[in-house]
Amino acid sequence: MFRQSSTLICPFCDAGAAYRTRPPQWQSTRSVATLHKRRPSRMNLSPNVARGPPRLEVSGKPVRKSRNSPFGGMNQTEPPRPGYGVKNPISASEQKRAGRFAKDTPDKDGKEPMKALKMQRALASVSYEARGRVKQTLQDLDSFEQFDLLPVLKESVSTQADVSPTPVQRLAIPALLGTEDGKRRKRKEGLADGEKKAMQQFLLAAETGSGKTLAYVLPILDALKRAEKAEAEAERTLAAQQPSQPHTTNNRLFDLEVEPPPVPGLNAGRPRAIILLPTSELVAQVGALLKSLSHTVKFKSAMLSTAFTSTVIRSRLFHPGGVDVVASTPHLLSSITESDPNVLSRVTHLVIDEADSLLDRSFSPITSSIIDRATPSLQQLILCSATIPRSLDTYLQKRFPAVKRLVTPNLHAIPRRVQLSVVDIDKLPFQGNRDLACAQTIYDIGKEGPEEVVAGEGEREGGKEKKIVVFVNEREMASELTAFLRGKGIDAMALSRDSEERGQMEVLAEFTGASIGATARRMQQGRLAASSSSSSSSNEKPASMTGLERLLAPSTPAPTPTSSRSLPGVKVLVTTDLGSRGIDTILVRHVVLYDVPHTSIDFIHRLGRVGRMGRRGKGVVLVGKGDRKDVVAEVRGGMFRGVALI
Ligand SMILES: Nc1ncnc2c1ncn2[C@@H]1O[C@H](COP(=O)(O)OP(=O)(O)OP(=O)(O)O)[C@@H](O)[C@H]1O
């Protein structure tokens, strides 16, 4: 029964008859039933029940019946809204808490959301359509023989890599040679004397460990050798065209014969190609590749970095025999060119390797000034990177809008052959102790079965040991964690900007498998010269010490044998971002991310130390309370699906 102002509506009356307030006979339901000559117990539903309750009105306005009452859901004449009452299997907040925030399922637009990574707005996007197009064009190239490279270069490649070219090499080599359309090399004959071809600009972007170095080194060497040949031919032609002057000679028979002054090496201090790299370690790595190629291709290379003394640097750069290719850090090269601007006067090829680092806010002014000063003679500017951050993308659009982008189909994707697992440090037994979780993870890896053996690697120095790289976000943490791990009986070494530069090459060589013989010896000589010129401090250690001995020597934090445990056959490198860029850690199968990386760029570079050149690899990320579990989940989801991170 509904009370409406002073009107009462009878629930038994089909017509919904209204009565005046408090009629005497409405003392009870029974009396009402009697009034209508019906028994409540035999009540039938009205055939008009589907019409719904009578429309209630107050002062002519409809009144909404509240559903928030025990009978609110009764007598519904319309179906409830779609999905009403259907239990959501996992609510959005539940999913978020569980760290699996619906990243594996596309949203309603069919796009992969990657919401957390999107928030970071770190990487420039490359359309899947463009990737697909590139993939198709690369299909037919499967041998170095198909490239228009000089035969001597093709031969030397077979000593470097006895296999087929990688996608980035298939893409970049023809483009840099100018033969990507299948036509013959474009010659410069059409140019008038002194006229210079417009500088070509390339961005070479491909996944980590995919052979980018060889992809730009081979075409550069090819160009240098061809230019050298062309110059020699031109000189010969010029000499042949010059008329012989017998009369003059006869007339001067009694003149004093004046020898032309000795021409100092024309190439001394004026390289034709320069490769800029962000760290001394990378200079050494690329320098080693150049050195090995120079044995067959015959050219002169020099590596310049602060790991060498100024005497060594000068003697290399200004060697009377000349220098063709220089690998250097930007700061060092910039300071050299301040005092000797001619160093850049003949450069035809300039490579900015790890361009995302070298053109970021900290490096950009110095790198840009080198580009500016080299531009007058430059034929090719090659930017090379494993990631294209948005900042680099914007820089290129503004500064080099004509840059040709050579981007491989798998750019920004961490390969599926790399597995990423997660260790929750808040759970037992770690209870938030990240150091302990890291040590236990290393022990777990150490106790796993033997590693996949790759042909040739077993013979390399230390090839049978397990190599693990641990990445930390803060460089102060590198030495702290190293000391902790040593205390737990783990053979750990630190590599960060705080570490002594001495010994870094030797430390890295244990993880890259690089021959530390000649290169390290040269670096050692450079360092020795430096140390002898500076006042010897009590911290100086004998030069004969190996990298490990140096690290273990008293001036560095000594390993505290607090643990009776030990983990033989495992070597650990604790490093920062310094060790994540470009270092070819080909012997490493495991990476531990002690901290959750700040951006997807860091994820790509750090996990890129494993899974290089088709190898398998494992990554373990330690996550705790304050960490971005959503980011980790998205990266894992992306890796699982084999899609590019954003
Ligand atoms: N065609 C090839 N076949 C097999 N191995 C190759 C080939 N080209 C290069 N390599 C080897 O692959 C390894 C990785 O090469 P490189 O360091 O140039 O990779 P990258 O793409 O520059 O990596 P990053 O982005 O980490 O700097 C090196 O050990 C190199 O010798």
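With an unreviewed UniProt entry as reference, the protein chain is termed RNA helicase, source organism Friedmanniomyces endolithicus. The UniProt entry for the protein chain carries the following comment under Catalytic activity (unreviewed entry): "ATP + H2O = ADP + phosphate + H(+)".

Undergrad: Sorry if this is basic, but what is going on with the packing of helix α7 (residues 212–241) against helix α9 (residues 280–297) here?
TA: Each pair of packed helices can be summarised by the angle the axes make with each other and by the distance between the axes. It is the contact of α7 with α9, at a shortest axis distance of 12 Å, that shows an interaxial angle of 40°. When the axis of α7 is compared with that of α9, the two are oblique. α7 and α9 meet at a crossing whose hand is right-handed. Contacts between α7 and α9 involve Thr213, Leu214, Tyr216, Val217, Leu221 and Lys225 from the former and Val286, Leu289, Leu290, Leu293 and Val297 from the latter. Looking at side-chain class alone, the contact of α7 with α9 contains 9 nonpolar, 1 polar and 1 charged residues.

Undergrad: What should I look at first to understand the site of the ligand in this one?
TA: Looking at the ligand, there are 22 residues lining it, with Val163, Gly209, Lys212, Thr213 and Asp584 nearest. Separating a nitrogen atom of the ligand from a side-chain N or O atom of Gln169 is a distance of 2.9 Å. Bound to the protein, the ligand loses 85% of the 640 Å² it would expose on its own. Among the elements that make up the shell around the ligand, the one with the highest residue count is α7 (3 residues). Residues of the shell around the ligand, tallied by class, amount to 7 nonpolar, 9 polar and 6 charged.

Undergrad: Even after reading the chapter, I still don't get the packing of helix α6 (residues 167–177) against α7, so can you show me in this structure?
TA: Running from N to C, α6 and α7 point in directions that differ by 25°, and their axes come no closer than 9 Å. Considering the angle they form, α6 stands roughly parallel to α7. As for how α6 packs across α7, the hand of that crossing is right-handed. Residues Val168, Gln169, Ala172, Ile173, Leu176 and Leu177 of α6 lie in contact with α7, whose contacting residues are Lys212, Leu214, Ala215, Tyr216, Leu218, Pro219 and Asp222. In terms of residue class, the contact of α6 with α7 is built from 10 nonpolar, 1 polar and 2 charged.

Undergrad: What is the right way to look at the pattern of salt bridges in this model?
TA: Oppositely charged side chains can form a pair if their charged atoms are brought close together. Taken as a whole, this structure holds 18 salt bridges when the rule is applied. For Arg581, the salt bridge is made with Asp356, and the minimal N-O distance between the two is 2.9 Å. Of this pair, Arg581 sits in the loop between β16 (570–575) and β17 (590–593) while Asp356 is found in helix α12 (residues 355–358), placing the two residues 225 residues apart along the sequence. Salt-bridge contacts for Asp491 lead to Lys571; the nearest nitrogen and oxygen are separated by 3.6 Å. A residue pair is termed long-range when its members are at least 10 positions apart, and Asp491 in strand β15 (residues 491–495) and Lys571 in strand β16 qualify at 80 residues. Lys571 gets classed as buried once you look at its relative accessible area, which sits at 8%. Each of the salt bridges in this network shares a partner with another, and the network as a whole consists of Glu465, Lys467, Asp491, Glu510 and Lys571.

Undergrad: Quick question: what am I supposed to make of helix α17 (residues 504–512) here?
TA: Structurally, the α-helix is built with 3.6 residues per turn, so residues lying three or four positions apart point the same way. The element α17 is extensively covered by neighbouring structure, given that 8 of its 9 residues are classed as buried. Looking only at α17, the buried set comprises Gln504, Met505, Glu506, Val507, Leu508, Ala509, Phe511 and Thr512. Just beyond α17, the residue with positive phi is Gly513, at close to 75°.

Undergrad: Please clarify how the sheet that holds strand β12 (residues 404–407) should be interpreted in this entry.
TA: Pairing in this open sheet of 7 strands is parallel, and the strands run β8-β9-β7-β10-β11-β6-β12 from one edge to the other. Whereas interior strands pair on both sides, the edge strands pair on one side only; in this sheet they are β8 (301–304) and β12. Within the sheet, the average angular offset between the axes of one strand and its neighbour, ignoring direction, is 15°. Sheet topology places β8 next to strand β9 (residues 325–328); 4 bridges connect them, and they run parallel. Each bridged residue has a counterpart across the sheet, and for Ser301 the counterpart in β9 is Val325. Across the face of the sheet, α9 comes into contact with β7 (273–276), β8 and β9 while running at roughly 170° to β8.

Undergrad: It is not clear to me how the sheet that holds β17 should be interpreted in this structure. Could you clarify?
TA: Each strand in a sheet pairs with another by means of backbone hydrogen bonds, the pair being arranged parallel or else antiparallel. Across the sheet, which stays open at both edges, the 6 strands sit in the order β13-β18-β17-β14-β16-β15 with parallel pairing between neighbours. Each end of this open sheet is capped by a strand with a single partner; those strands are β13 (418–424) and β15. When strand polarity is set aside, the average angle formed by the axes of neighbouring strands in this sheet is 20°. Looking at chain direction, strand β14 (residues 466–471) and β17 are connected through 4 bridges and run parallel. Looking across to β17, one finds that Phe471 is bridged to Leu593. Sheet strands touched by α17: β14, β15 and β16. Its angle to β16, the strand with the most contacts, is close to 125°.

Undergrad: Any chance you could explain the pairing of strand β6 (residues 200–205) here in plain terms?
TA: Along a regular strand, successive side chains alternate from one face of the sheet to the other. Along β6, 5 of the 6 residues are buried, which leaves the element largely enclosed by surrounding structure. Inspection of the sheet shows β6 paired to strand β11 (residues 380–385) by 6 bridges, in the parallel sense. Looking at β11, one finds that Gln201 is bridged to Leu381. Examined bridge by bridge, β6 and β12 share 4 bridges and lie parallel to one another. Considered in β12, the bridge of Ala205 is made with Val407.

What counts, and at which threshold
Residues numbered from 1 in each chain as written. Predicted model: local features only at pLDDT ≥ 70, side-chain atom pairs only at ≥ 80, totals over all residues. Heavy atoms only, no water. UniProt positions renumbered as here; feature names shortened; annotations may be inferred. Axes fitted to C-alpha atoms, helices over the stretch in contact; angles between N-to-C directions. Helix = DSSP H or I, 4+ residues; strand = E, 2+ residues; numbered from the N terminus. Parallel < 35°, antiparallel > 145°, perpendicular 65-115°, else oblique. Left-handed = near helix turned anticlockwise from the far one by under 90°. Contact = heavy atoms within 4.5 Å. Nonpolar A, V, L, I, M, F, W, Y, C, P; charged D, E, K, R; others polar. Near = heavy atom within 4 Å. Polar contact = N/O pair within 3.5 Å; in protein donor to acceptor, adjacent residues only side chain to side chain. Areas by Shrake-Rupley, 256 points an atom, 1.4 Å probe, with all protein chains shown as cover. Salt bridge = Lys/Arg side-chain N within 4 Å of Asp/Glu carboxyl O. Buried < 20%, exposed > 50% of the residue type's maximum accessible area, 1.4 Å probe, protein only. Pairing = 2+ DSSP bridges.

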